[in-house]
Amino acid sequence: MSATTIGLDRVGSAAILRIAGDVTSGSEGDLMAGFNSAIDAGAAAVILDFAGMEYMNSGGIGLLVTLLVRAQRGGARLLATGLSEHYRQILSRSRIDEAIKIIDNKAAAAAAARD
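Residues numbered from 1 in each chain as written. Predicted model: local features only at pLDDT ≥ 70, side-chain atom pairs only at ≥ 80, totals over all residues. Heavy atoms only, no water.

1. Considering the overall build of the protein
Rule in force here: By definition, any uninterrupted DSSP run of H or I lasting at least four residues is a helix, any uninterrupted run of E lasting at least two residues is a strand, and each is numbered from the N terminus. Exposure classes here rest on a 1.4 Å probe applied to the protein chains alone. A residue is buried below 20% of its type maximum, exposed above 50%, and partly exposed in between. Whether two residues are in contact is decided by their heavy atoms, any of which lying within 4.5 Å being enough. This count recognises Lys and Arg as positive and Asp and Glu as negative, with His and chain-terminal groups excluded. Every charge is mapped to an atom, namely NZ of Lys, CZ of Arg, CG of Asp or CD of Glu.
Tallying secondary structure elements over the protein gives four helices and five strands in all. When the helices and strands of the protein are placed in sequence order, the string is β-β-α-β-α-β-α-β-α. Principal axes of the C-alpha set define a box for the protein whose edges measure 35 × 25 × 25 Å. Scored against the burial criterion, the 115 residues of the protein give a buried share of 43%. At a minimum sequence separation of 6, the contacts of the protein that also span at least 24 residues come to 66%. Put simply, the protein has 11 plus and 12 minus side-chain charges, and the middle of one group is 6 Å from the middle of the other.

2. Quick notes on the pattern of salt bridges
Rules: Each salt bridge in this description consists of a side-chain nitrogen of Lys or Arg and a carboxyl oxygen of Asp or Glu lying within 4 Å of one another.
For the structure shown, the criterion picks out three salt bridges. Note that R18 is salt-bridged to D9, the shortest N-O span being 2.6 Å. When its relative accessible area of 35% is taken as the criterion, R18 is described as partly exposed. For R95, the salt bridge goes to E98, with nearest N and O atoms at 3.0 Å. By the burial criterion, R95 is exposed, and E98 matches it.

3. Focus: the confidence of the model for the protein
Put simply, the test is: Each residue gets a pLDDT score, which is the predictor's confidence in that residue and runs from 0 to 100.
Summing up the model confidence of the protein, the mean pLDDT is 92 and the portion of residues at 70 or higher is 98%. Averaged over each element, pLDDT in the protein is lowest for helix α4 (residues 106-114) (78) and highest for strand β3 (residues 45-56) (96).

4. Considering the packing of helix α1 (residues 28-40) against helix α2 (residues 58-74)
Note the following rule: Only the contacting stretch of a helix is used when fitting its axis, a line to C-alpha atoms as for every element, and angles between N-to-C directions run 0 to 180 degrees. We call two directions roughly parallel when the angle between them is under 35 degrees, roughly antiparallel when it is over 145, roughly perpendicular when it lies between 65 and 115, and oblique otherwise. Handedness of a crossing follows from how the near helix is turned relative to the far one, being left-handed for an anticlockwise turn of less than a right angle and right-handed for a clockwise one. Here the term charged refers only to Asp, Glu, Lys and Arg, the term nonpolar to Ala, Val, Leu, Ile, Met, Phe, Trp, Tyr, Cys and Pro, and the term polar to all other amino acids, Gly among them.
Look at α1 against α2: their axes get within 11 Å of each other, and the N-to-C directions meet at 25°. When the interaxial angle is binned, α1 and α2 end up roughly parallel. At the point where α1 passes α2, the crossing takes the right-handed sense. Contacts between α1 and α2 pair E28, L31, M32, F35 and N36 from the former with L63, T66, L67, R70 and A71 from the latter. A class-by-class count of the residues in the contact of α1 with α2 yields six nonpolar, two polar and two charged.

5. Describing the pairing of strand β1 (residues 5-11)
Keep this limit in mind: For two strands to be treated as a pair, DSSP must find no fewer than two bridges joining them.
In this structure, β1 lies alongside strand β2 (residues 14-23), joined through seven bridges in antiparallel fashion. Considered in β2, the bridge of G7 is made with R18.

6. Side note on the sheet that holds β2
Strands sit in the order β1-β2-β3-β4-β5 across an open sheet of five strands; the sheet is mixed. Either end of the sheet is taken by a strand with one partner, and the two such strands are β1 and β5 (101-102). Inspection of the sheet shows β3 paired to strand β4 (residues 77-81) by five bridges, in the parallel sense. Each residue of the ladder has a partner; that of I47, found in β4, is L79. Sheet strands touched by α1: β1, β2, β3 and β4. Its angle to β1, the strand with the most contacts, is close to 15°. Against the sheet, helix α3 (residues 85-93) engages β3 and β5, with an angle of about 120° to β3.

Here is the structure:
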């Protein structure tokens, strides 16, 4: 397993969290800190960029649900990009894709965040 690293970028009113490494329950501190930084900076939408993700388990899926709840409470939208077909299927089967909009690439995600 590799440690989770989170990078934060801004694109207009959206924040992009670049997620690299493994996403497990042990990623909670880093992921929540990145999300909170984005929201505290006034992001209306948070794009989760999974292009650098190597692995995600059920604990990581649980963190996505936690992020979704926090985003909804804060009035922010949550989008995802960079997911492999495998993880897209997992989010579809768990119906998380009904609440977190999945976009094919970062440019399209940034455009969708403005909508």
